[in-house]
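Descriptive analysis of the structure
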Amino acid sequence: MIKAQNLSKSYPDGTKGLSDLTLTINQGEFVAIIGRSGAGKSTFLRQVNGTILPTSGELNVLGVDILKAKTEELRKLRSKIGFIFQQFNLVKSLSVMQNVLTGRLGYHSDLAGTLGLFSEEDKKLALQYIKEVGLEGRHNSRADQLSGGQQQRVAIARALVQDPQIILADEPMASLDPKLSEVVLDLLKHFNQQKKISIIVNIHVLELAKKYAHRILALKAGRLVYDGPVSGLTDDVLKSVYD
């Protein structure tokens, strides 16, 4: 699904976002990325969906060479990759249904998307996922009428309606309390197991990473310092990540 070889990113101010990252992520994995703020976690996710291009190295995602892909290829790739944001990234004045349907924009022409010309099949799919994330009956509610946890469920439904092969989640629990964080991760785990969607989530709470992930990637100053199972997160490994 994802193959990175010596992947690096340098920003104009000289900051290293990533340095020589090499890894492979397979279909159906639930991967948690841990590390301090600024370690490169968000940079990696945004390179996977092509919104940030690498400075050097190789990155292949779903058969697309990110460094060589043209604009249209990247647009098609993003239609297969759901992205869940820390701050939900919803249009607060629109309904739940309208927000979820934006996940179908990648399957329509620019004009149809601008005019909101969604098919009945699109709408059925949106209603299905609104129900599956626990918001049945709230499809006409405005997004700003929902709690933070409910808004993040809308964001999950929006990602799922893309029919994605990969879901990227960038600190999706950062604005939520511990109980709601587990609700969000339970949903991601459910769809990971049910649909074999590869989930890659940046998590700032180590205990949640240990509880939900099959595999842990740990980044420090842009470098991969651990890649393995939860059982391998020894005190020495954690010290190398967080000290």
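Criteria and cut-off values
- Every chain is numbered on its own, with residues counted from 1 as its sequence reads.
- A pLDDT threshold of at least 70 governs which residues receive local features in this predicted model, and a stricter bar of 80 or more applies before side-chain atom pairs are shown or counted, although totals over entire chains, interfaces and linings include all residues.
- Only heavy atoms go into the side-chain values, all of them from the structure, while hydrogens and water stay out.
- Comment: elements are numbered from the N terminus, with helices defined as DSSP H or I runs of at least four residues and strands as E runs of at least two.
- Three exposure classes are used, based on accessible area relative to the maximum for each residue type with a 1.4 Å probe and protein chains only: buried under 20%, partly exposed in between, and exposed over 50%.
- Two rings from Phe, Tyr or Trp (for Trp, the six-membered ring) form a pair when their centres sit within 6.5 Å of each other. Planes less than 30 degrees apart are called stacked, planes more than 60 degrees apart edge-to-face, and all others tilted.
- The rule is short: NZ of Lys or CZ of Arg within 6 Å of the ring centre and within 35 degrees of the ring normal puts a charge over the ring.
- Looking at any residue, its pLDDT shows the predictor's confidence there, from 0 to 100.
- To estimate the expected span of a helix, subtract one from its residue number and multiply by 1.5 Å.
- Note on definitions: a residue-residue contact is assigned when non-hydrogen atoms from the two residues lie within 4.5 Å.

As a further point, take unusual backbone geometry. Positive phi values are uncommon outside glycine, yet N89 reaches one of about 60°. Mapped onto the elements, N89 comes out in the loop between strand 6 (81-84) and helix 3 (96-101). A relative accessible area of 47% places N89 in the partly exposed class.

Let's shift gears to the packing of aromatic side chains. On inspection of all chains with the given rule, the structure shows 2 aromatic pairs. Look at Y129 and F191: their rings are 6.2 Å apart centre to centre, the planes differ by 70°, and that puts the pair in the edge-to-face class. Here the residue Y129 occupies a position in helix 5 (residues 120-132), and F191 occupies one in helix 7 (residues 178-195), the gap between them amounting to 62 residues. Since its relative accessible area comes to 1%, F191 is described here as buried. Residue placement shows R104 over the ring face of Y107; its charged tip is 4.2 Å from the ring centre. The ring centre of F30 lies 5.1 Å from the NZ or CZ of K189, which sits over that ring.

Quick look at the confidence of the model for the protein now. When the pLDDT values of the protein are averaged, the result is 93; 97% of them are 70 or greater. Summarising per-element confidence for the protein, the mean pLDDT is lowest in helix 4 (residues 110-115) (56) and highest in strand 3 (residues 30-34) (98).

Its 13 residues place the ends of helix 6 (residues 148-160) 19 Å apart at the C-alpha level, agreeing with the 18 Å of an ideal helix rising 1.5 Å per residue. Summarising burial for helix 6: 10 of the 13 residues are buried, a large majority. Residues G149, Q151, Q152, V154, A155, I156, A157, R158, A159 and L160 constitute the buried set of helix 6. Buried residues along helix 6 sit against strand 6, helix 3, helix 5, strand 7 (166-170) and helix 7.

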